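Structural description and commentary
Okay, here's what each chain looks like letter by letter:
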Amino acid sequence: MIWGIVRRRLASSQPLSRIKHPAIRPRGYGQNELLCNGKECRHAVGNFSYCTALGSHCCRAYSNKPRREITAMLRPENFIPLRSRSFSSDSGDLVDAVVPFMGESITDGTLAKFLKNPGDRVQVDEPIAQIETDKVTIDVASPEAGTIQKLVAKEGETVEPGTKIAVISKSGEGVPQAAPTSQEKSASQPTPPAEKESIGKGTTKTETPSVKGKEKTLFPSQAARAPSSPPKPSEPQLPPKERERRVPMTRLRKRVATRLKDSQNTFSMLTTFNEIDMTNMMKLRSDYKDAFVEKHGVKFGFMSGFVKAAVSALQYQPVVNAVIDGDDIIYRDYIDISIAVGTPKGLVVPVIRNSDQMNFAEIEKNINTLAKKATDGTISIDEMAGGTFTISNGGVYGSLLSMPIINPPQSAILGMHSIVTRPMVVGGNVVPRPMMYIALTYDHRLIDGREAVYFLRRIKDVVEDPRRLLLDV
């Protein structure tokens, strides 16, 4: 049965007007509202309250006249999240900023840092803190405009959805002033008279310590006959601790480290290599780059060509798109290409859904959008979930050759590298050609060397002669 909230004076059943997620727990919904179970509501009420008990959610309504109490239990599984903005616990002038709903697979996060301090003015939906999860960084927005009265949580704590982290005053009353900086403190403190006088004169006073006793002087002949102490063994000079910094790992970095190590421990990884002559692909890009931008509004890059080549190779070798699950092999009849993107906070892998149904322009637009979100830290969990095959382009950083690590639960990953002009034999003549090394790391438990080599050869053939995509040969 679907439970909902409808307005007062409702003559007959109506569609749901508001649904709340259990992670978002407002203290009250207001006045003149009544909780119904989809049937006709005949009692007008003045107000009602909201509470949680024994894992269920309860709303209690009070009618104006006659005063009667109506209580109903809400089933948590019937709540549906509609938005992730943090709701507040409104108690007059003060509102609470709470951790928002962070995703279906995320139960907690780490309070990385506060963006505002007590006494700072904030606007509605302005970020006041950042929560680091295993996958993304989420902002905690201010539910109301006002002044931050106090910070309840501390940086580095583990918080869950609904946890209160700050209290905001709408009017700004009773809010402490922001603490002055160290420069303001030093400027406001007067200089002591003694220091002023010494600075004005510009003189320093030194004292000569008195020497007690007489020093014993050795003549050169006596110094030569004096016994010398045996040399001590030299100890290794370690760098001082003051020159080292210990910084805790972010949740994203810990998650990446765990997944990569699990990949090494789980898969039987093997890497095969090949090289591609980029002459035809570069000529295609040079001939149509202006027309491509004019029509589609996005630049024509090499990534779209490699994505199309990977789609063609996966269709020729479907075992590369499969994965081992226990004692079974799961063959996936869809192709979602993951693109590895390096960000200042760590490596993220957004997914291009249904890549086999896209053209070059659609792939380029998706790559640009996802890469910008990943760099800005606004990418969502859903945009990184799944994926059947990964492409990693280390060539943008100048990598000449590498052996990429499989991104679980996938079975293979393609590594692109930098384009270098090298002498090649073409038609019996040595000519300069723009060459790129490519690498395929695959799970040898599932994929044999024959399929891996054929897969890489297909990518080589398509990139070197893009006309194969039109003729499907």
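Residues numbered from 1 in each chain as written. Predicted model: local features only at pLDDT ≥ 70, side-chain atom pairs only at ≥ 80, totals over all residues. Heavy atoms only, no water.

As recorded by an unreviewed UniProt entry, the protein carries the name dihydrolipoyllysine-residue succinyltransferase and is attributed to Salix purpurea. In the Function (unreviewed entry) part of its UniProt record, the protein is described as follows: "The 2-oxoglutarate dehydrogenase complex catalyzes the overall conversion of 2-oxoglutarate to succinyl-CoA and CO(2). It contains multiple copies of three enzymatic components: 2-oxoglutarate dehydrogenase (E1), dihydrolipoamide succinyltransferase (E2) and lipoamide dehydrogenase (E3)." What the UniProt record of the protein gives under Subcellular location (unreviewed entry) is the line "Mitochondrion". (UniProt positions renumbered as here; feature names shortened; annotations may be inferred.)

As enumerated under the stated definition, the model contains three cavities of 30 Å³ or more in all. Of the pockets and cavities examined, the second largest cavity occupies roughly 40 Å³. Looking at the second largest cavity, the residues that line it are Ile339, Val341, Pro350, Ile352, Ile367, Leu370 and Ala371. Considering every element that reaches the lining of the second largest cavity, the biggest residue donor is helix α7 (residues 360–376), with three residues. (1 Å grid on protein atoms, 1.4 Å probe; cavity = no way out; pocket = protein on both sides within 12 Å on 5 of 7 lines; lining within 4 Å. Points joined across faces, edges and corners; volume = space filled by probe spheres on them. Helix = DSSP H or I, 4+ residues; strand = E, 2+ residues; numbered from the N terminus.)

Let's shift gears to the packing of aromatic side chains. For the structure on display, the rule yields three aromatic pairs. Consider the rings of Phe389 and Phe455, whose centres lie 5.4 Å apart with planes at 55°: the pair is tilted. Placement of Phe389 in strand β21 (residues 389–393) and of Phe455 in helix α8 (residues 449–464) is noted, with a sequence separation of 66 residues between them. We classify Phe455 as buried; its relative accessible area is 0%. A connected cluster of aromatic rings, assembled from ring pairs, spans Phe292, Phe300 and Phe360. Here Arg458 stacks its cationic end above the ring of Tyr316, 4.2 Å away from the centre of that ring. (Phe/Tyr/Trp six-rings, centres within 6.5 Å; stacked < 30°, edge-to-face > 60°. Buried < 20%, exposed > 50% of the residue type's maximum accessible area, 1.4 Å probe, protein only. Lys NZ or Arg CZ within 6 Å of the ring centre and 35° of its normal.)

It is worth spelling out the layout of surface pockets at this point. In this model, the largest pocket occupies a volume close to 740 Å³. What lines the largest pocket is a set of 33 residues, and nearest its centre among them are Arg259, Leu347, Val348, Val349 and Asn407. Within the residue set of the lining of the largest pocket, elements represented by two or more residues are α4 (251–266), β19 (346–348), β21 and β22 (412–416). When the residues that make up the lining of the largest pocket are grouped by side-chain class, the tally is 18 nonpolar, 10 polar and five charged. (Nonpolar A, V, L, I, M, F, W, Y, C, P; charged D, E, K, R; others polar.)

Within a regular strand, the side chains alternate between the two sheet faces. Taken together, the two bridges between strand β7 (residues 109–114) and strand β12 (residues 158–159) define a ladder with antiparallel strand orientation. Among the inter-strand pairings, Gly109 is bridged to a residue of β12, identified as Val159. Pairing of β7 with strand β9 (residues 127–132) involves four bridges; the strand directions are antiparallel. Note on β9: the bridge partner recorded for Leu111 is Ile131. (Pairing = 2+ DSSP bridges.)

To describe two helices that pack against each other, one gives the angle between their axes and the distance between the axes. Relative to each other, helix α6 (residues 302–316) and α7 sit at 115°, their axes nearing to 9 Å. Relative to α7, the crossing made by α6 is right-handed. Here α6 contributes Phe302, Met303, Ser304, Gly305, Val307 and Lys308 to the contact with α7, which in turn contributes Phe360, Ile363, Glu364 and Ile367. Counted by class, the contact of α6 with α7 contains six nonpolar, two polar and two charged residues. (Axes fitted to C-alpha atoms, helices over the stretch in contact; angles between N-to-C directions. Left-handed = near helix turned anticlockwise from the far one by under 90°. Contact = heavy atoms within 4.5 Å.)

With that settled, the discussion passes to the sheet that holds β7. What holds strands together in a sheet is hydrogen bonding between their backbones, with the strands either parallel or antiparallel. The strand order β10-β9-β7-β12 describes an open sheet built from four strands, whose pairing is antiparallel. Single-partner strands in this sheet number two, and they are β10 (137–141) and β12.

Right, let's get into the sheet that holds strand β6 (residues 94–98). Across the sheet, which stays open at both edges, the four strands sit in the order β6-β13-β11-β8 with antiparallel pairing between neighbours. Each having just a single partner strand, β6 and β8 (121–122) make up the two edges of the open sheet. Pairing between β6 and strand β13 (residues 164–169): five bridges, direction antiparallel. Counterpart to Val98 in the pairing with β13 is Lys164.

Relative to the helices and strands, Thr272 is located in strand β14 (residues 269–277). Thr272 has contacts with Ile438, Ala439, Leu440, Tyr442, Ala452, Val453 and Leu456, leaving out every residue within four places of it along the chain.

What follows deals with the environment of Ser411. As for its placement among the helices and strands, Ser411 is situated in the loop between β21 and β22. Placed 91 residues apart in sequence, Ser411 and Val320 show a C-alpha to C-alpha distance of 6.4 Å. Every residue in contact with Ser411, bar those within four places of it in the chain, is listed here: Val320, Ala322, Val323, Ile406, Thr441, Tyr442, Asp443, Leu446 and Ile447. At 2.6 Å, the side chain of Ser411 forms a polar contact with the backbone oxygen of Ala322. (Polar contact = N/O pair within 3.5 Å; in protein donor to acceptor, adjacent residues only side chain to side chain.)

With that out of the way, let us pick up a nonpolar patch on the surface. A cluster of nonpolar side chains, Phe273, Leu400, Leu401, Met403 and Val420, forms an exposed patch at the surface whose accessible area comes to about 460 Å². Position of Leu400 among the secondary structure elements: in the loop between β21 and β22. Residue Leu400 is classed as partly exposed on the basis of its relative accessible area, which comes to 45%. (Patch = residues over 30% accessible without salt bridge, like charges linked within 9 Å, V, L, I, M, F, W, Y side chains within 5 Å. Areas by Shrake-Rupley, 256 points an atom, 1.4 Å probe, with all protein chains shown as cover. Salt bridge = Lys/Arg side-chain N within 4 Å of Asp/Glu carboxyl O.)

The end-to-end C-alpha separation of α4 is 22 Å, in line with the 22 Å expected for 16 residues at 1.5 Å each. Among the residues of α4, those classed as buried are Arg251, Leu252, Val256 and Ser263. Along the long axis of α4, the arc covered by the buried residues comes to 135°, so they all point the same way. Residues of α4 that are buried sit in contact with β7, β9, β14 and β19. (Expected span 1.5 Å × (residues − 1). Arc of directions from axis to C-beta.)

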